[in-house]
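Each chain, letter by letter, is given below.
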Amino acid sequence: MNEHENRSKWMKIRLRPSEEEVLVNKYKRTTFQNLSEYARALILGKPVTVLTRDKAMDDMLEELILLRKELNAIGNNLNQAVRNINAAHGQADHRIWMGLLSLINAKLEPSITEIKSRIAKFADIWSRRSGAEKA
């Protein structure tokens, strides 16, 4: 068979609505770009790659995404505090605020970095587990 030959032959099949629904639902879980490619692979006995999802891993990733958003919000609040301290430069309590901010940052930064690292590891595990498997 010539791979560069155009597909010029049409094949029509009739399906019940329920059969079409099953076919389309199975196609949507594959890596194929369109239903025709999927149908040809099935008919010609070619391998079909099916994507599988792990509900528990999806739930975990959703929680981790929310946690990352919260950490980013903490970082934004810290940045705003720094800007306010910088704006207060020259005022009497400026040195006190700078000391407090340095202390807070020193305590929070390692924890935030560790949490972000764990989130990245969980995301990596999730992406490997939800990868494609051959059907």
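This structure is a prediction, so every number in the text was calculated from the model and none was measured.

Chemist: Looking at this model, I keep getting lost on the overall build of the chain. Mind explaining?
Modeler: Helices and strands together make up the secondary structure of the chain, namely 4 helices and 2 strands. Secondary structure elements in the chain, listed N-terminal to C-terminal, are α-α-β-α-α-β. Relative to its 135 residues, the chain shows a buried fraction of 16%. Partitioning the intrachain contacts of the chain with sequence separation of at least 6 by distance along the chain shows that 51% fall at a separation of at least 24. Of the roughly 11400 Å² of accessible surface on the chain, a fraction of 55% belongs to carbon and sulfur atoms.

Chemist: Whenever I open this one, the layout of surface pockets confuses me. Can you help?
Modeler: Taken as a whole, the largest pocket spans an internal volume of roughly 1100 Å³. Along the wall of the largest pocket there are 25 residues; nearest its centre are R7, K9, M11, S36 and R40. A total of 8 residues in the lining of the largest pocket trace back to one element, the largest contributor, which is helix 2 (residues 35–43). Of the residues assigned to the lining of the largest pocket, the class counts are 13 nonpolar, 4 polar and 8 charged.

Chemist: Sorry if this is basic, but what is going on with the side chain of T30 here?
Modeler: Relative to the elements of secondary structure, T30 occurs in the loop between helix 1 (17–28) and helix 2. Here Y27 takes part through its backbone oxygen, which lies 2.7 Å from a polar atom of the side chain of T30. A polar side-chain atom of T30 sits 3.3 Å from the main-chain amide nitrogen of F32. With residues up to four places along the chain from it excluded, the contact list for T30 reads Y38, V48, T49, V50 and L51.

Chemist: Just to check I follow, could you spell out a nonpolar patch on the surface for this structure?
Modeler: Residues M11, I13, L15, L42, I43 and L44 make up a contiguous nonpolar surface patch of about 670 Å² in total accessible area. Topologically, M11 is positioned in the segment before helix 1. According to the relative accessible area criterion, M11 is exposed, its value standing at 68%.

Chemist: Is there a simple way to explain the nonpolar core in this structure?
Modeler: The tendency in soluble globular proteins is for nonpolar side chains to be buried as a group. Counting residues in hydrophobic clusters, the biggest one holds 6 residues: Y27, F32, Y38, A41, V48 and V50. Apart from the residues lying within four places of it in its own chain, the contact partners of Y38 are L23, K26, Y27, T30, F32 and V48.

Chemist: Can you walk me through the pattern of salt bridges in this structure?
Modeler: In a structure, side chains of opposite charge can pair up when their charged atoms sit close to one another. By the definition in use, this model includes 2 salt bridges. The salt bridge involving R118 is made with E114; its shortest N-O contact spans 2.9 Å. Highlighted residues: R118 and E114, both in helix 4 (residues 94–129), separated by 4 residues, approximately one helical turn.

What counts and how
Residues numbered from 1 in each chain as written. Predicted model: local features only at pLDDT ≥ 70, side-chain atom pairs only at ≥ 80, totals over all residues. Heavy atoms only, no water. Helix = DSSP H or I, 4+ residues; strand = E, 2+ residues; numbered from the N terminus. Buried < 20%, exposed > 50% of the residue type's maximum accessible area, 1.4 Å probe, protein only. Contact = heavy atoms within 4.5 Å. Areas by Shrake-Rupley, 256 points an atom, 1.4 Å probe, with all protein chains shown as cover. 1 Å grid on protein atoms, 1.4 Å probe; cavity = no way out; pocket = protein on both sides within 12 Å on 5 of 7 lines; lining within 4 Å. Points joined across faces, edges and corners; volume = space filled by probe spheres on them. Nonpolar A, V, L, I, M, F, W, Y, C, P; charged D, E, K, R; others polar. Polar contact = N/O pair within 3.5 Å; in protein donor to acceptor, adjacent residues only side chain to side chain. Patch = residues over 30% accessible without salt bridge, like charges linked within 9 Å, V, L, I, M, F, W, Y side chains within 5 Å. Salt bridge = Lys/Arg side-chain N within 4 Å of Asp/Glu carboxyl O. Core = buried A, V, L, I, M, F, W, Y, C linked by side-chain atoms within 4.5 Å.

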